[in-house]
Amino acid sequence: MAGWPAALPDLPLEEACHGRFPLRVRRAALEHHIGSRVPRVTRFRHDGVPDEAIAPEPAAGKLRIMRPPTPAGFNDALERWNERFSQPGYLFGLAPNAFLVRQSARLRPGSRVLCVADGEGRNSTWLAARGHEVTAFDLSPVAVDKARSLAAERGVAVDNHVAGTDTWEWAPAEYDAVAAIFIQFASPAERPSLFAGMWRTLKPGGLLLIQGYTPKQLEYGTGGPGRLDHLYTADMLRELLPQAQWLELTEHEAELTEGGGHRGRSALIDAVARKT
Ligand SMILES: C[S@@+](CC[C@H](N)C(=O)[O-])C[C@H]1O[C@@H](n2cnc3c(N)ncnc32)[C@H](O)[C@@H]1O
């Protein structure tokens, strides 16, 4: 079993496993942490954190999933997202999310739409360009700056805010639609209040548009949080919103090409819930 890699100062695990270090160094840090060997194949989450290591079981010749404890830094979302959005370009591309484009046909002209955790603004600016009155927020000030610039470039008005889902006000009955596109940063403990907030802020008759990843996405590793307990199933969404009228609730697979962040075969869930 490896010791703490000599190449590293005494860093917390999640920093030691950052993508800036070579894979062999990250693997040694992970082996030291979990106390056993990680032969040959090791997968790190796309942001470098070793959420799970997948290694061949020597005897059975099967895959074994070892799950180290959640690195403390997982909760340091602000720093991680700021860093990701500080790279040149747009992490999830400039084109709007294809599910949102399809579902936007359901919106009446001039709808008031809230984009939750909107990132760099690809979705909010597209909705605003379609004539909707759009409010958007995101935890990352770096992303919100880029979203503001994108809105200015595209000549559209979006009411952009820096906020976390836990501090956003969720004013009752404000919006005709809420777009929740890939917001799977919420832990199981955080999900009920997040979904209750999104529901509360919808007007009666309003639509909650959700796209996320299902557990099968762990096999693809082409985007998403890489944590089983953050992924959605249809049953989970039904349970979170028992009062919803489901206009769509489909688990499916598709190729995504959304910047470098979401790219390749993906296991998805598309959901549209109406508040009656
Ligand atoms: C996978 S990205 C999706 C961004 C955007 N919805 C899109 O589809 O392009 C997840 C976003 O959630 C934001 N985020 C993470 N934790 C958050 C929180 N607690 N509150 C609000 N936004 C958060 C990140 O900054 C990031 O922009």
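Scroll up to find the structure.
First, a word on scope: everything that follows refers to the structure included in this document. (Residues numbered from 1 in each chain as written. Predicted model: local features only at pLDDT ≥ 70, side-chain atom pairs only at ≥ 80, totals over all residues.)

## Considerations on the overall build of the protein chain
- Summing up its helical and strand segments, the protein chain has nine helices and nine strands in all.
- Evaluated residue by residue, the protein chain yields a buried proportion of 39% over its 276 residues.
- Across the protein chain, contacts joining residues at least 24 apart in sequence account for 64% of those joining residues at least 6 apart. (Helix = DSSP H or I, 4+ residues; strand = E, 2+ residues; numbered from the N terminus. Buried ≥ 20, exposed ≤ 12 C-beta atoms within 10 Å, placed from the backbone. Contact = placed C-beta atoms within 7 Å.)

## Digging into the pairing of strand β6 (residues 175-181)
- Counting buried positions along β6 yields six of seven residues, so the element is predominantly enclosed.
- Where β6 lies against strand β7 (residues 202-213), six bridges are found, and the strand directions are parallel. In the strand pairing of β7, Ala177 is matched with Leu207. (Pairing = 2+ DSSP bridges.)

## Some details on the site of the ligand
- Residues in close proximity to the ligand total 19 residues, the closest being Trp81, Ala117, Gly119, Leu139 and Gly164.
- Contributions of two or more residues to the shell around the ligand are made by α3 (77-85) and α5 (122-129).
- Residue composition of the shell around the ligand, grouped by class: 10 nonpolar, six polar and three charged. (Near = placed C-beta within 6 Å. Nonpolar A, V, L, I, M, F, W, Y, C, P; charged D, E, K, R; others polar.)

## Quick word on the nonpolar core
- In terms of nonpolar packing, the biggest core is built from 50 residues, with Val116, Val178, Ala179, Ala180, Leu208 and Leu209 touching the most fellow members.
- The residues touching Ala179, leaving out its near neighbours within four places in the chain, are Leu100, Val113, Cys115, Val116, Asn123 and Leu209. (Core = buried A, V, L, I, M, F, W, Y, C linked by C-beta atoms within 7 Å.)

## Remarks on helix α7 (residues 191-200)
- Within the span of α7, buried status applies to Leu194, Phe195 and Met198. Each buried residue of α7 sits inside an arc of 95° when the element is viewed along its axis, so together they form one side.
- At its buried positions, α7 is contacted by β3 (112-116), β6, β7 and α9 (234-240). (Arc of directions from axis to C-beta.)

## Quick notes on the sheet that holds β3
- The strand order across the open sheet built from seven strands is β5-β4-β3-β6-β7-β9-β8, with neighbouring strands paired in mixed fashion. Here the strands that pair on one side only, and so sit at the sheet edges, are β5 (158-162) and β8 (245-258). Geometrically, the sheet is characterised by an average inter-axis angle of 15° between neighbouring strands, direction not taken into account.
- Relative to strand β4 (residues 133-138), β3 is paired through five bridges, and the arrangement is parallel. Its bridge partner being in β4, Val113 is matched across the sheet by Val134.
- Helix α6 (residues 141-154) contacts β4 and β5 of the sheet and is inclined by roughly 165° relative to β5.
- Of the strands in this sheet, β3, β6 and β7 touch α7, which is tilted by about 140° from β7. (Axes fitted to C-alpha atoms, helices over the stretch in contact; angles between N-to-C directions.)

## Brief notes about the packing of α5 against α6
- Two numbers describe how α5 lies on α6: the axes approach to 9 Å, and their chain directions differ by 30°. The pairing of α5 with α6 is recorded here as roughly parallel in orientation. Regarding α5 and α6, the two cross each other, and that crossing is right-handed. Packed against α5, whose contacting residues are Ser124, Thr125, Ala128 and Ala129, the element α6 presents Ala147, Leu150, Ala151 and Arg154 at the interface. (Parallel < 35°, antiparallel > 145°, perpendicular 65-115°, else oblique. Left-handed = near helix turned anticlockwise from the far one by under 90°.)

## Quick notes on α5
- Buried residues dominate α5, accounting for seven of its eight residues.
- Those residues of α5 that sit buried are Arg122, Asn123, Ser124, Thr125, Trp126, Leu127 and Ala128.
- Tucked into the core, α5 has its buried residues touching α4 (98-103), β3, β4, α6, β5 and β6.
- At the exit of α5 stands Gly131, carrying a positive phi of roughly 95°.

## Quick word on the environment of Arg27
- Examined against the element boundaries, Arg27 turns out to sit in helix α2 (residues 23-34).
- On a C-alpha basis, the gap between Arg27 and Pro5 in space is 9.1 Å, while along the polypeptide they are 22 residues apart.

## Section: the packing of α3 against α6
- Contact geometry for α3 and α6: axes closest at 7 Å, N-to-C directions at 40°. The angle between α3 and α6 falls in the class oblique. On the side of α3, the interface is formed by Trp81, Asn82 and Phe85, while α6 contributes Val142, Ala143 and Lys146.
- Its residues assigned to classes, the contact of α3 with α6 comprises four nonpolar, one polar and one charged.

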